[in-house]
Structures are given as structure tokens and as C-alpha cells.
Amino acid sequence: MPLHLDQAIGRVTADCGAWTYLIASAIVSCEAGLVVTPSVPGASVLCAAGAIAARGDISVALVILALGPAALCGDNATYCIGQVLGARMVRNERSKVVDRRNLARTARVFGKVR
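So, a few notes on the structure that sits alongside this text. (Residues numbered from 1 in each chain as written. Predicted model: local features only at pLDDT ≥ 70, side-chain atom pairs only at ≥ 80, totals over all residues. Heavy atoms only, no water.)

## Overview of the packing of helix α3 (residues 42-55) against helix α4 (residues 60-91)
Any two packed helices are characterised by the angle at which their axes cross and by the distance between the axes. The interhelical angle for the contact between α3 and α4, taken along N-to-C directions, is 160°, at an axis separation of 9 Å. The angle between the axes of α3 and α4 places the two elements in the roughly antiparallel class. Relative to α4, the crossing made by α3 is right-handed. The segment α3 lies against α4, with Leu-46, Ala-49 and Ala-53 engaging Val-60, Val-63 and Leu-67. In terms of residue class, the contact of α3 with α4 is built from six nonpolar, no polar and no charged. (Axes fitted to C-alpha atoms, helices over the stretch in contact; angles between N-to-C directions. Helix = DSSP H or I, 4+ residues; strand = E, 2+ residues; numbered from the N terminus. Parallel < 35°, antiparallel > 145°, perpendicular 65-115°, else oblique. Left-handed = near helix turned anticlockwise from the far one by under 90°. Contact = heavy atoms within 4.5 Å. Nonpolar A, V, L, I, M, F, W, Y, C, P; charged D, E, K, R; others polar.)

In C-alpha cells:
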């Protein structure tokens, strides 16, 4: 039996109701904000939410109001994590996260790295 994605998405949004916005916001926020989850499909969720809203299954305004701030919050969380932990990782000579060769190459290209 073929999968009709448009029908499946319509059923999911109808079944989840307002939870659709919360689930999509959580996915987008985690993709933008958690450094350790690079495989979460945040951009795909944004595109799908736009397509679903264009069909009229969910509200365009609520998609913008829910997913926009979620992406900003996730991005700001990543920035804060980098501010707090980034300098420590760079200064730590035994860091398994920072490759010293890549750090030296980056310093040559962009100048001083803290």
C-alpha cells in the first residue's frame, strides 16, 4: 500500500492538535541548541511545518510564534554553552574535543584564538 504523506501528516496534526506546535518547537530548539544532537532534523521540521500550515492543517501564525522563538532560544543556548565551555576546552591541553592541529590552523587563518 503506497504511503500518501499528505494524508498521513494531516492525520498526525489532527490527532496531536496543539501538541504539534510543542513537538515541532522542541525538535527545532534541540537541533539549534544542543551541540550533541546534530542529527535532529530541525530544518526539515521547519519546512514541513510551513508546508502543513500552507495546507491549512495548522496555523501559519502559530507556527511562526512557536518555531521562531524556539530556534532563537536554541541558538542562544548554544552560544551560552560556547561562552562558558569553549575557552576551557581550548585552554585544556588534554582536551579530546579540540584538535590542536586544527586550532593552530584556525589561529593562522583568523588570527589569535583565545
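## Some thoughts on the nonpolar core
In this structure, Tyr-21, Ala-24, Val-28, Val-45, Ala-49, Ile-52, Ala-53, Ile-58, Val-63 and Leu-67 together form the largest nonpolar core, which totals 10 residues. Sorting the residues of this core by element identifies α2 (19-33), α3 and α4 as the ones contributing at least two each. The dominant element in this core, judged by the number of residues it contributes, is α3, at four residues. Val-45 has contacts with Ala-24, Ile-27 and Val-28, leaving out every residue within four places of it along the chain. (Core = buried A, V, L, I, M, F, W, Y, C linked by side-chain atoms within 4.5 Å. Buried < 20%, exposed > 50% of the residue type's maximum accessible area, 1.4 Å probe, protein only.)

## A look at a nonpolar patch on the surface
Residues Ile-81, Val-84, Leu-85, Met-89 and Val-97 make up a contiguous nonpolar surface patch of roughly 410 Å² in combined accessible area. Relative to the elements of secondary structure, Val-84 occurs in helix α4. By relative accessible area, Val-84 is classed as partly exposed at 48%. (Patch = residues over 30% accessible without salt bridge, like charges linked within 9 Å, V, L, I, M, F, W, Y side chains within 5 Å. Areas by Shrake-Rupley, 256 points an atom, 1.4 Å probe, with all protein chains shown as cover. Salt bridge = Lys/Arg side-chain N within 4 Å of Asp/Glu carboxyl O.)

## Some thoughts on α3
Here α3 is 14 residues long and its end C-alpha atoms lie 20 Å apart, about the 20 Å a rise of 1.5 Å per residue gives. At the exit of α3 stands Gly-56, carrying a positive phi of roughly 95°. (Expected span 1.5 Å × (residues − 1).)

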